[in-house]
Amino acid sequence: NSSPTLVMIDVYPAFINLGNPKSLYDKDRLHLSSQGYGYWNTWTTTALNDPLGGCIRWSSNACDSSIAPITTTTTTTVVATTAGTTTTTTSTTATQEVVMALAGNTCPNGYVKLTTLAGCQSSMNELSLSNFAGTENENSWPGGCYYCNNVPGCTNGVWFNFATLGASNGGATPICAVPGWEDNIDLSVDTMFIGDSDIARWDSDIIIPNSVNVGVGGYTCDDVNGIIDGNLQTYNPKWVVIVCGENDLFDQSVSATFSDFKVIIGKIIASGAQAIYVGTKPEPSTKSIHSKYQNYDALIREYADSLAIGNSSPTLVMIDVYPAFINLGNPKSLYDKDRLHLSSQGYGYWNTWTTTALNDPLGGCIRWSSNACDSSIAPITTTTTTTVVATTAGTTTTTTSTTATQEVVMALAGNTCPNGYVKLTTLAGCQSSMNELSLSNFAGTENENSWPGGCYYCNNVPGCTNGVWFNFATLGASNGGATPICAVPGWEDNIDLSVDTMFIGDSDIARWDSDIIIPNSVNVGVGGYTCDDVNGIIDGNLQTYNPKWVVIVCGENDLFDQSVSATFSDFKVIIGKIIASGAQAIYVGTKPEPSTKSIHSKYQNYDALIREYADSLAI
């Protein structure tokens, strides 16, 4: 096989290597604590994102046994026939172009380090990674592009290190590519941030997925005009977030600055992108020109409204910062020590408001103020108009036009849905809606009358963990900025429940927040289940969820009163069903719990059989 059908995460020896401290376990000395699950989260994430796709067994987050990686080879066989012709047979096996290496500072054979920021960011799409942590120039971390996941001293995510040589550091793993891959990358992004120091100082490319920041401190709108064409061509964005005007207004009129601004917007629209203008702010150090700020923003409000006439979605969206900051009381805490630039708190508001604008639930908001839509185009609804015209020849001509409804939307903050939409009433529907809205963080479930009923989204809402929630309290209530997720009637009846990863097994699975940690996954674990019990539910769950991966934990409950060989036989039946479905299996091994020492030898013998079985399946 080119990749293993059964992967093992070898927990028992890994926990022993950690000293098997009590802190790994719950008070019952049997189940895992949050610290124990922390290791499982890391090790399972690594296994699911296996850099070379060939690791059979993982121990302490390192590959302990693997299939040799597939490299590109082409074999051509030419066979002469009796008729004097030839038959040519060519077979090719393909190389994975981008891989995550093992922890260290080197790449596997046949791969090289990524040497450009653009290449590093592009590699994330290849490896299904979404969090770009930032750039640095540090000799103590791997050179070029690398990834951290629960590595001490390193923020989780992908980093680009301008220190070319760099060094190994803990579990940091280089991201590598085949030679030449970086020369042909597509630099297209969803969102480009451009403008003055307010853009340049903003960690927007970390906050907003698949974005690039080309802001330059001190730039005016005229300066932006000088760089916009090349950047639009290079990055081909769908959205351009722009901040300019404040620097201009120190020594230029409002009308001249507005003229420069309109030229920029014209170029953005001509490229096929939409623009978001983030408005002026009432900084304490520039009070003498605040009236110019307000007049400038007033012209842009009118301009955005005029551009929206006759369009189904606005080409220019405004985030109206000045009045929103005034409504907050314009505290000094919004600003840096210079009383001019934003503080982390100020950027926190910008992060929230920009994310909301980019994920506009109905796609028609022209102006946002304090994270609420202040002016919008009427939402598009499904209508079909048929016109029948009689002709002189006695025939008829029929013309039909249809405008389409967006099936899933994020409503405005509250507890109701827009006209033509209804609340989502099932957990499966809620999780499926995330794909429609490009949301990746499922925060969990609850039964709380004080939050919106059904499916809803939080982004920097006090008292609410960021992400999508499903509330079994059907009625619920409005709560701060929490926004219901809604769908057209009937949409929930036809959803595809397919997931990337299904977690199944005993209480170690049931108590694991795996469906929160692992994107597009489902957890069907049941406390107390044996492998035989799992055999009773695996078929239906494979059919319902059609997973690519199945993470399984079973055996410990069996071994209390059943032999190792009988338990292993039940386990093999499960794995056979998983493989037959087309999925790959990850077995998370037994653990040396303090309360079950009397059967630890059975645990070790069981795991030994599974190690051999995984190796044999990989041949």
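Residues numbered from 1 in each chain as written. Predicted model: local features only at pLDDT ≥ 70, side-chain atom pairs only at ≥ 80, totals over all residues. Heavy atoms only, no water.

1. A few points about the overall build of the protein
From N to C terminus, the protein includes 16 helices and 30 strands. Going through the 619 residues of the protein one by one, you find that 49% of them count as buried. The contacts in the protein between residues at least 6 apart in sequence include a share of 65% that link residues at least 24 apart. Put simply, the protein shows about 27500 Å² of open surface, and 50% of that area lies on carbon and sulfur atoms. (Helix = DSSP H or I, 4+ residues; strand = E, 2+ residues; numbered from the N terminus. Buried < 20%, exposed > 50% of the residue type's maximum accessible area, 1.4 Å probe, protein only. Contact = heavy atoms within 4.5 Å. Areas by Shrake-Rupley, 256 points an atom, 1.4 Å probe, with all protein chains shown as cover.)

2. As for the packing of aromatic side chains
Under the definition given, this model contains 27 aromatic pairs. Look at F325 and Y335: their rings are 6.2 Å apart centre to centre, the planes differ by 85°, and that puts the pair in the edge-to-face class. Residue F325 is located in helix α9 (residues 321-327), and its partner Y335 is located in the loop between α9 and α10 (344-358); the two are separated by ten residues in the primary sequence. The pair formed by F325 and Y335 is uniform in burial state, with each residue classed as buried. (Phe/Tyr/Trp six-rings, centres within 6.5 Å; stacked < 30°, edge-to-face > 60°.)

3. A short note on the pairing of strand β26 (residues 483-487)
Where burial is concerned, most of β26 is hidden: five out of the five residues are buried. Burial of the side chains of β26 extends over both faces: T483, I485 and A487 are buried on one face and P484 and C486 on the other. Pairing of strand β21 (residues 408-410) with β26 involves three bridges; the strand directions are antiparallel. Its bridge partner being in β26, M410 is matched across the sheet by I485. Across two bridges, strand β22 (residues 422-423) lies against β26 in antiparallel orientation. Opposite V422, over in β26, you have A487 as the bridge partner. (Pairing = 2+ DSSP bridges.)

4. Details of the side chain of Q584
Tracing the backbone shows Q584 in strand β30 (residues 584-588). At 2.7 Å, the side chain of Q584 forms a polar contact with the backbone oxygen of P4. In contact with Q584, other than residues within four places in its own chain, are S3, P4, T5, K548, W549, V550 and I578. (Polar contact = N/O pair within 3.5 Å; in protein donor to acceptor, adjacent residues only side chain to side chain.)

5. Quick word on the environment of V243
Residue placement: V243 occurs in strand β14 (residues 239-243). You can call V243 buried: its relative accessible area is 4%. Along the primary structure V243 and F261 are separated by 18 residues, whereas in three dimensions their C-alpha atoms are 9.7 Å apart. Aside from chain neighbours lying at most four places away, what touches V243 is I194, G195, D196, D198, I199, V278 and W350.

6. Regarding the confidence of the model for the protein
For the protein, per-residue confidence averages 86 on the pLDDT scale, and residues scoring 70 or more make up 90% of the total. Long-range and interchain partners of residues 379-393, a stretch whose pLDDT sits below 50, account for 34 contacts in this model, where long-range means more than four residues apart. This stretch, residues 395-404, has a pLDDT under 50; its non-local contacts, to residues over four places away or in other chains, come to 29 contacts. (pLDDT = per-residue confidence, 0-100.)

7. A look at helix α3 (residues 117-126)
Within the span of α3, buried status applies to G119, C120, Q121, S122, S123 and M124. Of the residues flanking the end of α3, it is S128, one or two places downstream, whose phi is positive at about 55°.

8. Some words on the side chain of E283
Relative to the assigned elements, E283 resides in the loop between β15 (274-278) and α8 (290-308). Overall, the relative accessible area of 0% leaves E283 in the buried class. Among the polar contacts made by the side chain of E283, one reaches the side chain of T286 at a distance of 2.3 Å. Beyond its immediate stretch of four places on either side in the chain, E283 contacts E246, H290, Y293, Y335, R339 and L340.

9. Section: the packing of helix α6 (residues 221-235) against helix α7 (residues 254-270)
For any two helices packed against each other, the geometry is given by the interaxial angle and the distance between the axes. The interhelical angle for the contact between α6 and α7, taken along N-to-C directions, is 5°, at an axis separation of 9 Å. Here α7 runs roughly parallel to α6, going by the angle between their axes. Mapping the contact onto sequence places C221, D222, V224, N225, I228, D229 and L232 in α6 and T257, D260, F261, V263, I264, K267 and I268 in α7. Along the lines of polarity and charge, the residues of the contact of α6 with α7 split into eight nonpolar, two polar and four charged. (Axes fitted to C-alpha atoms, helices over the stretch in contact; angles between N-to-C directions. Parallel < 35°, antiparallel > 145°, perpendicular 65-115°, else oblique. Nonpolar A, V, L, I, M, F, W, Y, C, P; charged D, E, K, R; others polar.)

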